[in-house]
Amino acid sequence: MEKKFHITTFGCQMNEHDSETLAGMLLERGYVQAKERKDANIVIFNTCSIRENADKRFFGTLGQLKKKKLEQRENFTVCVCGCMMQQQHIIDTLKSKYPWVDVIFGTHNIHELPTLLDNLYNEKQKQLSVLEEGGEIVEGLPAERMFKHKAFVNIMYGCNNFCTYCIVPYTRGRERSRKPEDILREIKELAADGVKEVTLLGQNVNSYKGESETEPGTCDFTDLIYLIDKVEGIERIRFMTSHPKDLSDKLIKAFGECKKLCHYFHLPVQAGSSRVLKQMNRRYTREAYLELVKKLREVAPDIAISTDIIVGFPGETEEEFEETLSLCEEVRFDSAFTFLYSVRKGTPAAEYENQIPEEVKHERFNRLVEVINRISAEKNSQYVGKIEKVLVDGPSKTNSKTYGGRTETFKLVNFRGNPDMAGKIVNVRITSSNTFSLEGEVVTE
(Lines give C-alpha, C1' and ligand atoms only; values in the text may rest on other atoms or scores of the structure.)
Protein backbone atom coordinates (compact mmCIF):
# COMPACT_ATOMS: atom_id res chain seq x y z
CA MET A 1 0.00 0.00 0.00
CA GLU A 2 1.28 3.47 -0.91
CA LYS A 3 2.15 5.42 2.23
CA LYS A 4 0.39 8.80 1.96
CA PHE A 5 0.78 11.23 4.86
CA HIS A 6 -0.92 14.45 5.90
CA ILE A 7 0.28 16.82 8.64
CA THR A 8 -2.04 19.10 10.60
CA THR A 9 -0.15 21.87 12.41
CA PHE A 10 -1.36 23.76 15.46
CA GLY A 11 0.52 26.78 16.77
CA CYS A 12 3.41 29.05 15.90
CA GLN A 13 6.03 29.37 13.17
CA MET A 14 8.29 26.99 15.09
CA ASN A 15 5.62 24.31 14.77
CA GLU A 16 5.12 25.16 11.10
CA HIS A 17 8.82 24.73 10.43
CA ASP A 18 8.91 21.47 12.43
CA SER A 19 6.11 20.23 10.15
CA GLU A 20 8.14 21.22 7.08
CA THR A 21 10.98 19.10 8.48
CA LEU A 22 8.67 16.15 9.20
CA ALA A 23 7.37 16.32 5.62
CA GLY A 24 10.89 16.61 4.20
CA MET A 25 12.08 13.50 6.06
CA LEU A 26 9.10 11.42 4.95
CA LEU A 27 9.35 12.52 1.32
CA GLU A 28 13.04 11.63 1.37
CA ARG A 29 12.06 8.13 2.52
CA GLY A 30 9.59 7.63 -0.34
CA TYR A 31 6.35 8.59 1.38
CA VAL A 32 3.80 10.65 -0.57
CA GLN A 33 2.20 13.84 0.74
CA ALA A 34 -1.60 14.03 0.56
CA LYS A 35 -3.20 17.44 0.08
CA GLU A 36 -6.12 16.59 2.34
CA ARG A 37 -6.34 14.50 5.50
CA LYS A 38 -9.15 12.34 4.11
CA ASP A 39 -6.82 11.06 1.37
CA ALA A 40 -4.01 10.04 3.74
CA ASN A 41 -3.37 6.71 5.46
CA ILE A 42 -0.83 8.30 7.81
CA VAL A 43 -2.14 11.29 9.76
CA ILE A 44 0.22 13.42 11.87
CA PHE A 45 -0.86 16.09 14.35
CA ASN A 46 1.83 18.59 15.37
CA THR A 47 0.46 20.18 18.52
CA CYS A 48 0.75 23.47 20.39
CA SER A 49 0.33 23.94 24.14
CA ILE A 50 0.30 27.73 24.45
CA ARG A 51 -3.48 28.14 24.73
CA GLU A 52 -6.25 25.98 26.16
CA ASN A 53 -8.23 26.36 22.92
CA ALA A 54 -5.40 24.66 21.02
CA ASP A 55 -5.70 21.66 23.37
CA LYS A 56 -9.44 21.45 22.79
CA ARG A 57 -9.11 21.79 19.00
CA PHE A 58 -6.50 19.04 18.93
CA PHE A 59 -8.50 16.56 20.99
CA GLY A 60 -11.67 17.38 19.04
CA THR A 61 -9.96 16.81 15.69
CA LEU A 62 -8.20 13.67 16.93
CA GLY A 63 -11.49 12.21 18.13
CA GLN A 64 -12.93 12.47 14.62
CA LEU A 65 -10.45 9.81 13.45
CA LYS A 66 -11.45 7.08 15.92
CA LYS A 67 -14.05 5.47 13.65
CA LYS A 68 -11.69 5.37 10.66
CA LYS A 69 -8.84 3.96 12.79
CA LEU A 70 -10.98 1.18 14.26
CA GLU A 71 -12.30 0.26 10.80
CA GLN A 72 -8.94 0.21 9.00
CA ARG A 73 -6.68 -0.86 11.88
CA GLU A 74 -3.12 -1.41 10.58
CA ASN A 75 -3.91 0.26 7.25
CA PHE A 76 -4.35 3.64 8.95
CA THR A 77 -1.68 5.24 11.14
CA VAL A 78 -2.17 8.11 13.61
CA CYS A 79 0.83 10.04 14.96
CA VAL A 80 0.87 12.93 17.45
CA CYS A 81 3.83 15.13 18.29
CA GLY A 82 4.77 18.65 19.35
CA CYS A 83 4.59 20.69 22.53
CA MET A 84 1.55 19.02 24.07
CA MET A 85 3.40 15.71 24.08
CA GLN A 86 6.01 17.17 26.48
CA GLN A 87 3.36 17.22 29.23
CA GLN A 88 2.80 13.96 31.12
CA HIS A 89 -0.89 14.62 31.79
CA ILE A 90 -1.48 14.91 28.03
CA ILE A 91 0.26 11.58 27.39
CA ASP A 92 -1.80 10.02 30.19
CA THR A 93 -4.99 11.34 28.55
CA LEU A 94 -3.96 9.90 25.17
CA LYS A 95 -3.24 6.50 26.69
CA SER A 96 -6.56 6.33 28.55
CA LYS A 97 -8.97 7.99 26.09
CA TYR A 98 -7.23 7.59 22.72
CA PRO A 99 -5.44 4.23 22.99
CA TRP A 100 -5.70 3.74 19.22
CA VAL A 101 -3.02 6.42 18.57
CA ASP A 102 0.02 4.64 17.09
CA VAL A 103 2.98 7.01 17.54
CA ILE A 104 3.66 9.70 20.18
CA PHE A 105 6.85 11.80 20.15
CA GLY A 106 7.98 15.17 21.48
CA THR A 107 9.62 18.40 20.39
CA HIS A 108 13.17 17.25 21.07
CA ASN A 109 13.17 14.24 18.74
CA ILE A 110 11.17 15.08 15.63
CA HIS A 111 14.11 13.67 13.64
CA GLU A 112 13.09 10.19 14.89
CA LEU A 113 9.76 10.03 13.05
CA PRO A 114 10.93 7.83 10.12
CA THR A 115 12.52 5.38 12.59
CA LEU A 116 9.43 5.34 14.79
CA LEU A 117 7.26 4.51 11.78
CA ASP A 118 9.66 1.73 10.73
CA ASN A 119 9.50 0.29 14.24
CA LEU A 120 5.71 0.53 14.26
CA TYR A 121 5.35 -1.40 11.01
CA ASN A 122 8.07 -3.97 11.77
CA GLU A 123 7.32 -4.64 15.42
CA LYS A 124 3.51 -4.15 15.25
CA GLN A 125 3.74 -2.19 18.51
CA LYS A 126 2.79 1.37 19.40
CA GLN A 127 5.71 3.80 19.64
CA LEU A 128 6.29 6.37 22.41
CA SER A 129 9.43 8.54 22.39
CA VAL A 130 9.43 11.75 24.43
CA LEU A 131 12.71 13.22 25.70
CA GLU A 132 12.58 15.48 28.76
CA GLU A 133 15.41 17.68 27.47
CA GLY A 134 16.88 18.39 24.06
CA GLY A 135 20.34 17.02 23.42
CA GLU A 136 22.69 17.83 20.60
CA ILE A 137 21.12 19.83 17.77
CA VAL A 138 20.58 17.64 14.71
CA GLU A 139 21.79 19.40 11.56
CA GLY A 140 21.06 18.72 7.90
CA LEU A 141 17.43 17.62 8.18
CA PRO A 142 15.45 18.10 4.95
CA ALA A 143 12.39 20.35 4.79
CA GLU A 144 9.45 20.56 2.41
CA ARG A 145 8.93 24.33 2.29
CA MET A 146 5.53 25.92 1.86
CA PHE A 147 7.02 28.46 -0.58
CA LYS A 148 9.86 28.21 -3.07
CA HIS A 149 10.96 31.82 -2.51
CA LYS A 150 10.97 32.08 1.29
CA ALA A 151 11.97 29.87 4.17
CA PHE A 152 12.02 29.50 7.94
CA VAL A 153 15.43 28.97 9.56
CA ASN A 154 15.72 27.88 13.19
CA ILE A 155 18.67 29.61 14.84
CA MET A 156 17.99 28.40 18.38
CA TYR A 157 15.68 26.19 20.41
CA GLY A 158 14.09 26.48 23.83
CA CYS A 159 13.56 29.34 26.26
CA ASN A 160 15.09 30.43 29.58
CA ASN A 161 12.66 33.23 30.43
CA PHE A 162 9.99 31.41 32.49
CA CYS A 163 7.24 33.98 32.12
CA THR A 164 4.73 32.92 34.77
CA TYR A 165 1.90 32.28 32.27
CA CYS A 166 3.94 30.33 29.70
CA ILE A 167 4.43 26.58 29.26
CA VAL A 168 7.11 26.87 26.52
CA PRO A 169 10.24 26.45 28.73
CA TYR A 170 8.72 23.19 29.97
CA THR A 171 7.84 21.88 26.49
CA ARG A 172 10.73 23.24 24.39
CA GLY A 173 13.46 23.03 27.04
CA ARG A 174 16.37 25.36 27.78
CA GLU A 175 17.93 27.65 25.20
CA ARG A 176 20.29 26.02 22.73
CA SER A 177 21.85 28.02 19.88
CA ARG A 178 23.05 26.64 16.57
CA LYS A 179 26.57 27.39 15.38
CA PRO A 180 26.69 30.45 13.08
CA GLU A 181 28.51 28.41 10.42
CA ASP A 182 25.67 25.87 10.31
CA ILE A 183 23.08 28.64 9.99
CA LEU A 184 24.99 30.41 7.22
CA ARG A 185 25.53 27.13 5.38
CA GLU A 186 21.79 26.44 5.43
CA ILE A 187 20.92 29.96 4.28
CA LYS A 188 23.43 29.84 1.41
CA GLU A 189 21.92 26.52 0.29
CA LEU A 190 18.45 28.08 0.47
CA ALA A 191 19.62 31.07 -1.59
CA ALA A 192 21.04 28.69 -4.20
CA ASP A 193 17.60 27.02 -4.30
CA GLY A 194 15.85 30.30 -5.10
CA VAL A 195 14.96 31.58 -1.63
CA LYS A 196 14.82 35.37 -1.45
CA GLU A 197 13.50 35.81 2.10
CA VAL A 198 14.50 34.03 5.32
CA THR A 199 12.72 34.26 8.66
CA LEU A 200 14.99 33.43 11.59
CA LEU A 201 13.12 31.50 14.27
CA GLY A 202 13.54 31.03 17.99
CA GLN A 203 11.47 31.40 21.13
CA ASN A 204 13.65 34.44 21.87
CA VAL A 205 15.94 35.11 18.91
CA ASN A 206 17.70 38.11 20.40
CA SER A 207 19.17 35.97 23.17
CA TYR A 208 20.95 33.87 20.49
CA LYS A 209 24.57 33.09 21.40
CA GLY A 210 26.28 30.86 18.84
CA GLU A 211 29.72 29.40 19.42
CA SER A 212 31.75 29.72 16.22
CA GLU A 213 33.97 26.90 14.99
CA THR A 214 36.65 29.30 13.72
CA GLU A 215 36.18 32.75 15.27
CA PRO A 216 37.04 33.53 18.90
CA GLY A 217 34.20 34.56 21.19
CA THR A 218 30.46 34.25 20.85
CA CYS A 219 28.37 35.33 17.86
CA ASP A 220 25.33 37.21 19.16
CA PHE A 221 22.07 37.77 17.29
CA THR A 222 23.08 41.10 15.77
CA ASP A 223 26.42 39.65 14.62
CA LEU A 224 24.43 36.91 12.89
CA ILE A 225 22.18 39.46 11.17
CA TYR A 226 25.22 41.26 9.73
CA LEU A 227 26.63 37.94 8.45
CA ILE A 228 23.36 36.99 6.76
CA ASP A 229 23.09 40.47 5.26
CA LYS A 230 26.15 39.58 3.13
CA VAL A 231 24.71 36.32 1.72
CA GLU A 232 24.28 36.67 -2.03
CA GLY A 233 20.78 35.94 -3.29
CA ILE A 234 19.00 36.67 0.00
CA GLU A 235 17.03 39.91 -0.35
CA ARG A 236 15.01 40.01 2.88
CA ILE A 237 15.73 39.04 6.48
CA ARG A 238 12.98 38.72 9.11
CA PHE A 239 12.92 37.18 12.58
CA MET A 240 10.45 35.92 15.18
CA THR A 241 10.14 36.31 18.16
CA SER A 242 11.94 38.84 20.36
CA HIS A 243 11.86 39.56 24.07
CA PRO A 244 12.01 43.28 24.97
CA LYS A 245 14.43 42.66 27.84
CA ASP A 246 17.06 41.43 25.33
CA LEU A 247 16.57 44.09 22.65
CA SER A 248 19.97 45.83 22.47
CA ASP A 249 20.97 49.18 21.04
CA LYS A 250 23.29 47.15 18.81
CA LEU A 251 20.33 45.36 17.20
CA ILE A 252 18.35 48.59 16.88
CA LYS A 253 21.31 50.16 15.07
CA ALA A 254 21.30 47.25 12.58
CA PHE A 255 17.92 48.42 11.24
CA GLY A 256 19.70 51.51 9.94
CA GLU A 257 22.73 49.67 8.56
CA CYS A 258 21.63 46.28 7.18
CA LYS A 259 20.07 46.72 3.75
CA LYS A 260 18.26 43.38 3.79
CA LEU A 261 16.83 43.58 7.30
CA CYS A 262 13.12 44.26 6.86
CA HIS A 263 11.67 47.23 8.72
CA TYR A 264 9.24 45.10 10.68
CA PHE A 265 9.54 44.14 14.33
CA HIS A 266 7.33 41.77 16.32
CA LEU A 267 7.90 42.90 19.91
CA PRO A 268 5.52 41.24 22.40
CA VAL A 269 4.50 43.60 25.21
CA GLN A 270 1.85 41.33 26.82
CA ALA A 271 0.49 44.08 29.13
CA GLY A 272 0.61 47.85 29.61
CA SER A 273 0.89 47.83 33.40
CA SER A 274 4.31 47.60 35.05
CA ARG A 275 2.81 45.77 38.02
CA VAL A 276 1.21 43.14 35.79
CA LEU A 277 4.44 42.82 33.79
CA LYS A 278 6.28 42.12 37.05
CA GLN A 279 3.74 39.44 37.97
CA MET A 280 4.29 37.96 34.51
CA ASN A 281 8.06 37.90 35.16
CA ARG A 282 8.67 39.87 31.96
CA ARG A 283 11.60 41.81 33.48
CA TYR A 284 10.89 45.19 31.87
CA THR A 285 8.52 48.04 32.70
CA ARG A 286 6.00 49.93 30.62
CA GLU A 287 8.42 52.85 30.46
CA ALA A 288 11.32 50.65 29.29
CA TYR A 289 9.16 49.18 26.51
CA LEU A 290 8.08 52.62 25.30
CA GLU A 291 11.74 53.71 25.25
CA LEU A 292 12.61 50.74 23.00
CA VAL A 293 9.85 51.70 20.57
CA LYS A 294 11.13 55.27 20.54
CA LYS A 295 14.67 54.11 19.73
CA LEU A 296 13.46 51.83 16.94
CA ARG A 297 11.51 54.63 15.29
CA GLU A 298 14.43 57.04 15.59
CA VAL A 299 16.60 54.62 13.56
CA ALA A 300 13.84 53.44 11.19
CA PRO A 301 10.89 55.89 11.12
CA ASP A 302 8.94 53.64 8.73
CA ILE A 303 9.26 50.51 10.87
CA ALA A 304 6.08 48.51 11.41
CA ILE A 305 5.68 47.13 14.93
CA SER A 306 3.38 44.28 15.93
CA THR A 307 2.91 42.73 19.35
CA ASP A 308 1.27 40.11 21.57
CA ILE A 309 -1.15 41.11 24.34
CA ILE A 310 -2.73 38.97 27.06
CA VAL A 311 -6.08 40.07 28.48
CA GLY A 312 -7.23 39.06 31.94
CA PHE A 313 -4.00 37.98 33.60
CA PRO A 314 -4.73 36.97 37.24
CA GLY A 315 -5.23 40.04 39.41
CA GLU A 316 -5.41 42.50 36.50
CA THR A 317 -7.62 45.42 37.57
CA GLU A 318 -9.79 47.55 35.29
CA GLU A 319 -7.31 50.41 35.72
CA GLU A 320 -4.40 48.15 34.72
CA PHE A 321 -6.29 46.95 31.66
CA GLU A 322 -6.87 50.56 30.69
CA GLU A 323 -3.09 51.02 30.91
CA THR A 324 -2.84 48.40 28.16
CA LEU A 325 -5.35 50.34 26.06
CA SER A 326 -3.44 53.58 26.56
CA LEU A 327 -0.14 51.90 25.65
CA CYS A 328 -1.70 50.71 22.38
CA GLU A 329 -2.82 54.26 21.64
CA GLU A 330 0.67 55.57 22.41
CA VAL A 331 2.65 52.98 20.43
CA ARG A 332 0.08 52.62 17.63
CA PHE A 333 0.87 49.02 16.73
CA ASP A 334 0.44 48.00 13.11
CA SER A 335 -1.16 44.77 14.32
CA ALA A 336 -1.42 42.63 17.41
CA PHE A 337 -2.08 39.03 18.38
CA THR A 338 -4.53 39.28 21.26
CA PHE A 339 -5.22 36.46 23.71
CA LEU A 340 -7.46 35.75 26.64
CA TYR A 341 -5.31 34.59 29.56
CA SER A 342 -5.38 30.81 29.56
CA VAL A 343 -4.52 28.72 32.63
CA ARG A 344 -1.64 26.40 31.78
CA LYS A 345 -1.15 23.51 34.19
CA GLY A 346 2.36 23.56 35.61
CA THR A 347 2.95 27.32 35.33
CA PRO A 348 3.16 29.64 38.37
CA ALA A 349 0.26 31.85 37.20
CA ALA A 350 -2.08 28.86 37.22
CA GLU A 351 -1.83 28.93 41.02
CA TYR A 352 -2.31 32.69 41.38
CA GLU A 353 -5.35 33.94 43.28
CA ASN A 354 -7.77 36.46 41.75
CA GLN A 355 -8.30 34.62 38.48
CA ILE A 356 -10.38 36.94 36.29
CA PRO A 357 -13.95 35.80 35.48
CA GLU A 358 -14.46 34.72 31.87
CA GLU A 359 -17.14 37.34 31.20
CA VAL A 360 -14.79 40.12 32.34
CA LYS A 361 -11.96 38.77 30.18
CA HIS A 362 -14.22 38.63 27.11
CA GLU A 363 -15.55 42.16 27.66
CA ARG A 364 -12.03 43.56 27.96
CA PHE A 365 -10.85 41.50 24.99
CA ASN A 366 -13.56 43.00 22.77
CA ARG A 367 -12.60 46.53 23.81
CA LEU A 368 -8.93 45.83 23.09
CA VAL A 369 -9.66 44.38 19.65
CA GLU A 370 -11.68 47.48 18.75
CA VAL A 371 -8.70 49.70 19.59
CA ILE A 372 -6.18 47.48 17.77
CA ASN A 373 -8.32 47.19 14.64
CA ARG A 374 -9.02 50.93 14.51
CA ILE A 375 -5.34 51.77 14.73
CA SER A 376 -4.43 49.05 12.19
CA ALA A 377 -6.92 50.51 9.70
CA GLU A 378 -5.54 54.02 10.29
CA LYS A 379 -1.95 52.84 9.83
CA ASN A 380 -2.84 50.96 6.64
CA SER A 381 -4.62 53.98 5.17
CA GLN A 382 -1.29 55.83 5.22
CA TYR A 383 0.00 53.49 2.50
CA VAL A 384 -2.59 54.57 -0.08
CA GLY A 385 -0.90 56.26 -3.02
CA LYS A 386 2.55 54.86 -2.21
CA ILE A 387 4.50 52.40 -4.36
CA GLU A 388 5.62 49.39 -2.33
CA LYS A 389 7.97 46.52 -3.17
CA VAL A 390 5.95 43.33 -2.75
CA LEU A 391 7.39 39.81 -2.63
CA VAL A 392 4.67 37.82 -4.40
CA ASP A 393 3.52 34.61 -2.73
CA GLY A 394 1.09 33.49 -5.41
CA PRO A 395 -2.59 33.48 -6.37
CA SER A 396 -5.51 33.67 -3.97
CA LYS A 397 -7.17 30.36 -3.09
CA THR A 398 -10.52 31.81 -4.13
CA ASN A 399 -9.56 33.89 -7.18
CA SER A 400 -6.76 32.80 -9.52
CA LYS A 401 -6.38 36.33 -10.94
CA THR A 402 -5.85 37.93 -7.54
CA TYR A 403 -2.32 37.61 -6.23
CA GLY A 404 -0.98 38.37 -2.77
CA GLY A 405 2.36 39.21 -1.22
CA ARG A 406 4.09 41.13 1.56
CA THR A 407 5.77 44.51 1.71
CA GLU A 408 9.03 44.92 3.62
CA THR A 409 6.91 46.07 6.58
CA PHE A 410 4.94 42.79 6.36
CA LYS A 411 1.75 44.35 5.02
CA LEU A 412 -0.38 41.95 2.99
CA VAL A 413 -1.12 43.38 -0.47
CA ASN A 414 -3.66 41.96 -2.94
CA PHE A 415 -3.55 42.86 -6.65
CA ARG A 416 -4.26 41.49 -10.12
CA GLY A 417 -1.29 39.43 -11.23
CA ASN A 418 -0.10 36.48 -13.30
CA PRO A 419 1.81 33.23 -12.64
CA ASP A 420 5.15 34.72 -13.74
CA MET A 421 5.10 37.05 -10.72
CA ALA A 422 5.16 34.33 -8.04
CA GLY A 423 8.38 34.48 -6.06
CA LYS A 424 9.41 37.85 -7.52
CA ILE A 425 9.54 41.32 -6.00
CA VAL A 426 7.27 43.69 -7.92
CA ASN A 427 6.33 47.35 -7.52
CA VAL A 428 2.71 47.82 -6.48
CA ARG A 429 0.91 51.14 -6.13
CA ILE A 430 -1.46 50.97 -3.16
CA THR A 431 -4.95 52.03 -4.23
CA SER A 432 -6.99 51.28 -1.11
CA SER A 433 -6.66 49.87 2.39
CA ASN A 434 -8.54 47.62 4.78
CA THR A 435 -8.07 46.76 8.44
CA PHE A 436 -5.89 43.72 7.72
CA SER A 437 -4.63 44.22 4.16
CA LEU A 438 -3.95 46.59 1.28
CA GLU A 439 -5.19 46.61 -2.31
CA GLY A 440 -3.05 47.75 -5.21
CA GLU A 441 -2.08 47.58 -8.86
CA VAL A 442 1.23 46.51 -10.35
CA VAL A 443 3.35 49.39 -11.66
CA THR A 444 4.65 48.28 -15.06
CA GLU A 445 6.27 51.45 -16.43
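In this report, we go over the structure that sits alongside the text. What you are looking at is a predicted structure, and each value in this text was computed from that prediction instead of being measured. (Residues numbered from 1 in each chain as written. Predicted model: local features only at pLDDT ≥ 70, side-chain atom pairs only at ≥ 80, totals over all residues. Heavy atoms only, no water.)

### Brief notes about the packing of aromatic side chains
Logical step 1: In the structure shown here, the tally under the stated rule is 17 aromatic pairs.
Logical step 2: An angle of 90° between the planes, with centres 5.2 Å apart, marks the rings of Phe239 and Phe265 as edge-to-face. Linking Phe239 in strand S13 (residues 236-240) with Phe265 in strand S14 (residues 264-266), this pair joins segments that are 26 residues apart in sequence. The residues Phe239 and Phe265 share a single accessibility class, namely buried.
Logical step 3: Taken together, the aromatic side chains of Phe10, Phe45, Phe58, Phe59, Tyr98 and Trp100 make up a single cluster linked through ring pairs.
Logical step 4: For Lys150, the ring lying beneath its charged end belongs to Phe147, and the centroid distance is 4.6 Å.
Logical step 5: The residue whose ring lies beneath Lys386 is Tyr383, and the NZ or CZ to ring-centre distance is 5.5 Å. (Phe/Tyr/Trp six-rings, centres within 6.5 Å; stacked < 30°, edge-to-face > 60°. Helix = DSSP H or I, 4+ residues; strand = E, 2+ residues; numbered from the N terminus. Buried < 20%, exposed > 50% of the residue type's maximum accessible area, 1.4 Å probe, protein only. Lys NZ or Arg CZ within 6 Å of the ring centre and 35° of its normal.)

### Description of unusual backbone geometry
Logical step 1: With an omega dihedral of -10°, the bond running from Met240 to Thr241 counts as a cis peptide bond.
Logical step 2: Structurally, Thr241 is set in the loop between S13 and helix H9 (249-257).
Logical step 3: Despite not being glycine, Phe162 has its phi angle at roughly 55°, a positive value.
Logical step 4: Even without being glycine, Gln270 reaches a positive phi, approximately 75°.
Logical step 5: Secondary-structure assignment places Gln270 in the loop between S14 and helix H10 (274-279).

### Description of the sheet that holds strand S6 (residues 127-129)
The strands that make up a sheet are held in pairs by hydrogen bonds between backbone atoms, and each pair lies either parallel or antiparallel.
Logical step 1: The six strands are arranged S2-S1-S3-S4-S5-S6 in an open sheet whose pairing can be described as parallel. Edge positions in the sheet fall to strand S2 (32-33) and S6, since each has one partner strand and no second.
Logical step 2: In this structure, strand S4 (residues 77-82) lies alongside strand S5 (residues 103-105), joined through two bridges in parallel fashion. Directly across from Cys79, in S5, lies its bridge partner Val103.
Logical step 3: Packed onto the sheet, helix H2 (residues 52-63) meets strand S3 (42-47) and S4 and runs at close to 170° relative to S3. (Pairing = 2+ DSSP bridges. Contact = heavy atoms within 4.5 Å. Axes fitted to C-alpha atoms, helices over the stretch in contact; angles between N-to-C directions.)

### Remarks on the packing of helix H8 (residues 221-228) against H9
Logical step 1: One way to put it is that H8 packs onto H9 with a least axis distance of 9 Å and a crossing angle of 20°. Here H8 lies roughly parallel to H9, going by the angle between them. With respect to the hand of their crossing, H8 and H9 are arranged in left-handed fashion. Seen from H8, the contacting residues are Phe221, Thr222, Asp223 and Tyr226; seen from H9, they are Lys250, Leu251, Lys253, Ala254 and Glu257.
Logical step 2: In terms of residue class, the contact of H8 with H9 is made up of four nonpolar, one polar and four charged. (Parallel < 35°, antiparallel > 145°, perpendicular 65-115°, else oblique. Left-handed = near helix turned anticlockwise from the far one by under 90°. Nonpolar A, V, L, I, M, F, W, Y, C, P; charged D, E, K, R; others polar.)

### What to know about the sheet that holds strand S16 (residues 335-340)
Logical step 1: Strands sit in the order S14-S15-S16 across an open sheet of three strands; the sheet is parallel. Of all the strands in the sheet, just S14 and S16 have a single pairing partner and so form its edges. The mean inter-strand angle of the sheet, taken between neighbouring strand axes irrespective of direction, is 10°.
Logical step 2: Of the pairings in the sheet, the one linking strand S15 (residues 304-311) to S16 comprises six bridges and is parallel in character.

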